[in-house]
Amino acid sequence: MPGSTTAGSTTAGTKPARPGAEKWVPASADVESLARAVHDCRGCELWGPATQAVFSSGPADAALVLVGEQPGDREDREGEPFVGPAGRVLADALHAADLDPDEVYLTNAVKHFRFTERGKRRLHKTPDVAHIRACVPWLEAELAAVRPRVVVALGATAGRAVLGRPVRIGAERGQLLDGEPHDVLITTHPSALLRLRDRAEFGATFDAFVADLRTAADAAA
Ligand code: URA
Ligand code: SF4
């Protein structure tokens, strides 16, 4: 498409270098060391067009971990997860679920922003399975360091990263999956809420999202 470039597309048959993140993930590292090391990661091609890697926020000993998809435009510029519009919906939902946002560890399945340029705008582009696979060693290392009781996967990308298989949000959301070393709960991505124009539909979806967060928090308590 003229005037548009896509991070992660295979233009003119060139295959992107995608060795996976393993090589850049320090062994048995704490969250702080992981967050420093991620900036050197070249595990896939997404680091190139992005401003910076975005790691996590929240306490490194949290009982509850929430995993998003990837940083958005704002997150890419600021270097913090969930500081844009989806983050606002998430903050509202955490508040409605009586959860202290400072007690939750927030991260993403993919640490670099994937986007398409449309003039001056950078449009979010969903990561491919190959990007999720390349990046998952970071998430695994985080979960090994934080050792939460419950991991909430926000949306299909996070679900795939956390469970290592395709997930269908409609069919699987809201059930607590007992597991070791942590339970998993799949729910909606807050960005999906932002796309709902109908007020009643937004309300019902928001309430279901809040109920899912509550289920996860109760299991983590
Ligand atoms: N959406 C995500 O999945 N993660 C972020 O950090 C921001 C928006
Ligand atoms: Fe590494 Fe993940 Fe960034 Fe790819 S998206 S370069 S695997 S941190």
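Below you will find a few notes about this structure. Note that this is a predicted model, so its numbers are computed, not measured.

**A few points about the overall build of the protein**
Across its full length, the protein holds eight helices and seven strands. Here the protein has a C-alpha radius of gyration of 17 Å; the compact-globule value for 221 residues is 17 Å, and the two agree. For the protein, the spread of C-alpha atoms along the three principal axes comes to 50 × 45 × 30 Å. For the protein, the residues scored as buried account for 48% of the 221 residues in total. Long-range pairs, those at least 24 residues apart, make up 74% of the contacts in the protein with a sequence separation of at least 6. For the protein, the accessible area works out to roughly 11100 Å², and carbon and sulfur atoms hold 50% of it. Side-chain charges in the protein split into 26 positive and 30 negative, and the spacing between the mean points of these groups amounts to 9 Å.

**Notes on the side chain of H189**
Looking at the secondary structure, you find H189 in the loop between β7 (183-187) and α7 (190-194). Taking relative accessible area as the criterion, H189 reaches 16% and is therefore assigned buried. For H189, the side chain forms a polar contact with the main-chain nitrogen of S191, separated by 2.8 Å. Those residues in contact with H189, other than ones at most four positions away along the chain, are G68, E69, F82, A86, L154 and G155.

**Quick notes on the site of ligand 1**
Every residue near ligand 1 is listed here: G68, E69, Q70, P71, E75, P81, F82, A86, N108 and H189. Contact between ligand 1 and F82: an oxygen atom at 3.0 Å from a main-chain N or O atom of the residue. In the environment of ligand 1, an oxygen atom lies 2.7 Å from a nitrogen or oxygen atom belonging to the side chain of H189. Classifying every residue of the shell around ligand 1 gives four nonpolar, four polar and two charged.

**Remarks on the sheet that holds strand β5 (residues 150-154)**
A sheet is described by the order of its strands in space; here five strands give the open sequence β2-β1-β5-β7-β6, paired in mixed fashion. The sheet is open, and its two edges are formed by β2 (104-108) and β6 (176-177), each paired on a single side. Where β5 and β7 come together, five bridges link them in parallel fashion. Its bridge partner being in β7, V152 is matched across the sheet by L185. The sheet contacts of helix α5 (residues 155-163) involve β1 (64-68), β5, β6 and β7, and relative to β5 the element is tilted by about 140°.

**Here we look at unusual backbone geometry**
Glycine aside, a negative phi is what most residues show, and trans is what most peptide bonds show. Cis geometry is adopted by the peptide bond preceding P181, which originates at E180 and carries an omega value of 0°. By the secondary structure assignment, P181 is in the loop between β6 and β7. Despite not being glycine, D98 shows a phi value in the positive range, around 60°. Judged by relative accessible area, which is 67%, D98 ranks as exposed.

**Some remarks on the site of ligand 2**
Every residue near ligand 2 is listed here: V38, C41, G43, C44, W47, V110, K111, H112, A134, C135 and W138. For the shell around ligand 2, the class distribution of residues is eight nonpolar, two polar and one charged.

**Observations concerning the pattern of salt bridges**
Going through the model one piece at a time under the given rule, you end up with eleven salt bridges. R36 is paired through a salt bridge with E32; the nearest N and O atoms lie 3.8 Å apart. Taken together, the positions of R36 and E32, both in helix α1 (residues 31-37) and four residues apart, correspond to about one turn of that helix. The exposure class assigned to R36 is exposed, which follows from its relative accessible area of 54%. As a salt-bridge pair, R122 and D73 come within 2.8 Å of each other at their nearest N and O atoms. You can see R122 sitting in strand β4 (residues 121-124) and its partner D73 sitting in helix α2 (residues 73-78), a full 49 residues away along the chain. Within this structure, D73, D76, R77 and R122 form a network of salt bridges that share partners.

Cut-off values and rules
- Residues numbered from 1 in each chain as written.
- Chains lettered and ligands numbered in written order.
- Predicted model: local features only at pLDDT ≥ 70, side-chain atom pairs only at ≥ 80, totals over all residues.
- Heavy atoms only, no water.
- Helix = DSSP H or I, 4+ residues; strand = E, 2+ residues; numbered from the N terminus.
- Rg over C-alpha atoms; globule rule 2.2 N^0.38 Å.
- Buried < 20%, exposed > 50% of the residue type's maximum accessible area, 1.4 Å probe, protein only.
- Contact = heavy atoms within 4.5 Å.
- Areas by Shrake-Rupley, 256 points an atom, 1.4 Å probe, with all protein chains shown as cover.
- Lys, Arg positive; Asp, Glu negative; His and termini not counted.
- Charge placed at Lys NZ, Arg CZ, Asp CG, Glu CD.
- Polar contact = N/O pair within 3.5 Å; in protein donor to acceptor, adjacent residues only side chain to side chain.
- Near = heavy atom within 4 Å.
- Nonpolar A, V, L, I, M, F, W, Y, C, P; charged D, E, K, R; others polar.
- Pairing = 2+ DSSP bridges.
- Axes fitted to C-alpha atoms, helices over the stretch in contact; angles between N-to-C directions.
- Salt bridge = Lys/Arg side-chain N within 4 Å of Asp/Glu carboxyl O.

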